[in-house]
Amino acid sequence: HAGALCNVLSSFHEPAVLPWRLRAAVEVGDAKTLDALPAPALTDAATATLWARALYARGKSMDAIASAAKARHLADAARNAGAAFEAGLLEAQLLGIVGNPKKALALLKRLRAPDGPSRLRRSVLLARWLHAVGSHRQALAEADAVWPRVSEIAPRERREVLERLAAVYTGLGRLRRASEAI
């Protein structure tokens, strides 16, 4: 449905419609659709987070990191802990992907998770970047703490957590646990 919605919304250029165009384009993930989007005004955390996702999908990782950081700061200023956490989690993920796992770890350690499932999502990303910097025991401890509690994570986020756990367990030579996660 997001693709059809993108087609309908593409003819509207009013500022009020831009967030909906952005959301639909990010869901579709099509490069042509994403490239056609004008840069939004990053005045709220939700828009800045969506823009970060769009930039990353377009291959603009460093700009995506900057937008995620902006989203985190906007959410902090608005005292929106949930939005700040989501933006920070995205920022940490992107920092690690572009080869800065130490910066990702520093950010993750500062992030305040608003609830138990969010703490688990943060822990699995911690495990990923701890593994990347060679802290294998700590990575295993983080992964093992998440593993028995995966069912507490919402289904739409659970798949990503399981994929990350599988990657960490594979990297640590825990192939049986990795195969169970997949």
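As the structure is a computational prediction, the values presented were derived from the model and not from experiment.

**Student:** Just checking my understanding: could you explain the pattern of salt bridges for this structure?
**Tutor:** The final tally for this structure, using the stated rule, is eight salt bridges. Note that Arg156 is salt-bridged to Glu157, the shortest N-O span being 2.9 Å. Between Glu160 and Arg164 there is a salt bridge, and its shortest N-O distance comes to 2.5 Å. Of this pair, Glu160 and Arg164 are both found in helix H10 (residues 155-171), four residues apart, which corresponds to roughly one turn of the helix. The exposure class of Glu160 is partly exposed, given its relative accessible area of 38%.

**Student:** What is the right way to look at the packing of aromatic side chains in this model?
**Tutor:** Summed over all chains, the structure comprises one aromatic pair. Taken together, a centroid distance of 6.3 Å and an interplanar angle of 85 degrees make the contact between Trp147 and Tyr169 edge-to-face. One end of the pair, Trp147, is in the loop between helix H9 (136-146) and H10; the other, Tyr169, is in helix H10, and 22 residues separate them in sequence. Residue Tyr169 is classed as buried on the basis of its relative accessible area, which comes to 1%. The residue whose ring lies beneath Arg177 is Tyr169, and the NZ or CZ to ring-centre distance is 5.8 Å.

**Student:** Which parts of the structure should I look at to understand the nonpolar core?
**Tutor:** The tendency in soluble globular proteins is for nonpolar side chains to be buried side by side. Residues Leu22, Leu108, Val146 and Leu165 are the most contacted members of the largest nonpolar core, which totals 46 residues. If you tally residues by element for this core, the top one is helix H8 (residues 116-132), at seven residues.

**Student:** I keep staring at the packing of H9 against H10 and nothing clicks. Help me out?
**Tutor:** The description of two helices packed together rests on the angle between their axes and the distance between the axes. Where H9 meets H10, the closest approach of the two axes is 10 Å, and the angle between their N-to-C directions is 145 degrees. With respect to the hand of their crossing, H9 and H10 are arranged in left-handed fashion. Facing Ala139, Leu140, Ala143, Asp144 and Val146 of H9, the residues of H10 in contact are Val161, Leu165, Val168 and Tyr169. Its residues assigned to classes, the contact of H9 with H10 shows eight nonpolar, no polar and one charged.

**Student:** Looking at this structure, how should I read the environment of Ala54?
**Tutor:** For Ala54, the position within the fold is in helix H4 (residues 45-57). For the pair Ala54 and Ala141, spaced 87 residues apart in the sequence, the C-alpha separation amounts to 33 Å. Once residues within four sequence positions are removed from consideration, Ala54 is found in contact with Leu22, Val26 and Leu34.

**Student:** Before we go on, may I ask you to explain helix H6 (residues 81-97) in this structure?
**Tutor:** The periodicity of an α-helix, 3.6 residues per turn, causes residues three or four places apart in sequence to face the same way. The end-to-end C-alpha separation of H6 is 24 Å, in line with the 24 Å expected for 17 residues at 1.5 Å each. Across the 17 residues of H6, 12 count as buried, placing the element largely inside the fold. The complete set of buried residues in H6 reads Ala84, Phe85, Ala87, Gly88, Leu89, Leu90, Glu91, Ala92, Gln93, Leu94, Leu95 and Gly96. Taken together, the buried residues of H6 touch H4, helix H5 (61-77), helix H7 (101-110), H8 and H10. The first or second residue beyond H6 is Gly99, which carries a positive phi of 100 degrees.

About the criteria used
Residues numbered from 1 in each chain as written. Predicted model: local features only at pLDDT ≥ 70, side-chain atom pairs only at ≥ 80, totals over all residues. Heavy atoms only, no water. Salt bridge = Lys/Arg side-chain N within 4 Å of Asp/Glu carboxyl O. Helix = DSSP H or I, 4+ residues; strand = E, 2+ residues; numbered from the N terminus. Buried < 20%, exposed > 50% of the residue type's maximum accessible area, 1.4 Å probe, protein only. Phe/Tyr/Trp six-rings, centres within 6.5 Å; stacked < 30°, edge-to-face > 60°. Lys NZ or Arg CZ within 6 Å of the ring centre and 35° of its normal. Core = buried A, V, L, I, M, F, W, Y, C linked by side-chain atoms within 4.5 Å. Axes fitted to C-alpha atoms, helices over the stretch in contact; angles between N-to-C directions. Left-handed = near helix turned anticlockwise from the far one by under 90°. Contact = heavy atoms within 4.5 Å. Nonpolar A, V, L, I, M, F, W, Y, C, P; charged D, E, K, R; others polar. Expected span 1.5 Å × (residues − 1).

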